[in-house]
Amino acid sequence: MTGTIDPLLTAEGWRRDGRAVALATVIETWGSAPRPAGSHLVIDGEGNFEGSVSGGCVEGAVISEAIDVIATGAPKMLEFGVADETAWRVGLSCGGRIRVYVERLN
């Protein structure tokens, strides 16, 4: 992630170039969360990405799920938080929770 380019513009350019693209959007946060609702991460079918929905291991999990969404076309709702048994593994041990919607762009 470079942080200098609007991920939505990146998604538009990648689609124009014929790439398969998914968009992940933070739709809800509770407590301490690294990125606010409305934050975006765009991912192509090869795992390239731009933007941010959280940081750390959460982004890796979102990218992995996005590649599956690109392949199947079925959107996913993902939730990460301290109550989740994987909280320490995905990096939200700070006590927050986030909900991320991942969809393929056509």
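The structure displayed is predicted, hence computed values, not measured ones.

Engineer: Help me get a handle on the overall build of the chain, residues and values and all.
Structural biologist: Scanning the chain from terminus to terminus reveals 3 helices and 5 strands. Secondary structure elements of the chain occur, N-terminal to C-terminal, as α-β-β-β-α-β-α-β. The buried share of the chain, reckoned over its 106 residues, is 37%. Counting contacts in the chain only where the partners sit at least 6 residues apart, residues at least 24 apart contribute 52% of the total. Carbon and sulfur atoms provide 50% of the accessible area of the chain, an area that totals close to 5600 Å².

Engineer: Hey, could you go over the sheet that holds strand E3 (residues 49–51) for me, with residue numbers and the actual values?
Structural biologist: Here 5 strands make up an open sheet; going across it, the order is E3-E2-E1-E5-E4 and the pairing antiparallel. For this open sheet the edge positions go to E3 and strand E4 (76–81), each flanked by a neighbour on one side alone. Shown here is a sheet whose adjacent strand axes are inclined to one another by a mean of 20°, direction ignored. Strand direction decides the pairing type here: strand E2 (residues 40–44) and E3, joined by 3 bridges, are antiparallel. If you follow leucine 41 over to E3, its bridge partner there is glycine 51. Sheet contacts for helix H1 (residues 7–16): strand E1 (21–30), E2, E3 and strand E5 (97–105); angle to E2, the most-contacted strand, approximately 20°. The strands touched by helix H2 (residues 56–72) are E1, E2, E3, E4 and E5; relative to E5, the strand with the most contacts, the crossing angle is about 30°.

Engineer: Tell me about the pattern of salt bridges, residues and numbers included.
Structural biologist: Considering all chains together, one arrives at 7 salt bridges under this definition. Here glutamate 12 ties to arginine 16 by a salt bridge, and the two come within 4.0 Å at their closest N and O atoms. Here glutamate 12 and its partner arginine 16 are both found in helix H1, 4 residues apart, which amounts to about one turn of the helix. Taken together, the salt bridges that share partners define one network made up of Glu28, Glu79, Arg97 and Arg99.

Engineer: Could you give an account of the confidence of the model for the chain, naming the residues involved and the relevant values?
Structural biologist: Averaged over the chain, the pLDDT score is 86; the fraction of residues at 70 or greater is 83%. When pLDDT is averaged over each helix and strand of the chain, the minimum, 52, is found for helix H3 (residues 87–90) and the maximum, 97, for E2.

Engineer: Can you tell me about the pairing of E1, naming the residues and giving the values?
Structural biologist: Pairing of E1 with E2 involves 5 bridges; the strand directions are antiparallel. Paired with leucine 23 across the strands is valine 42, a residue of E2. Here E1 pairs with E5 via 9 bridges, running antiparallel. Bridge assignment links tryptophan 30 to a residue of E5, and that residue is arginine 97.

Rules behind the numbers
Residues numbered from 1 in each chain as written. Predicted model: local features only at pLDDT ≥ 70, side-chain atom pairs only at ≥ 80, totals over all residues. Heavy atoms only, no water. Helix = DSSP H or I, 4+ residues; strand = E, 2+ residues; numbered from the N terminus. Buried < 20%, exposed > 50% of the residue type's maximum accessible area, 1.4 Å probe, protein only. Contact = heavy atoms within 4.5 Å. Areas by Shrake-Rupley, 256 points an atom, 1.4 Å probe, with all protein chains shown as cover. Pairing = 2+ DSSP bridges. Axes fitted to C-alpha atoms, helices over the stretch in contact; angles between N-to-C directions. Salt bridge = Lys/Arg side-chain N within 4 Å of Asp/Glu carboxyl O. pLDDT = per-residue confidence, 0-100.

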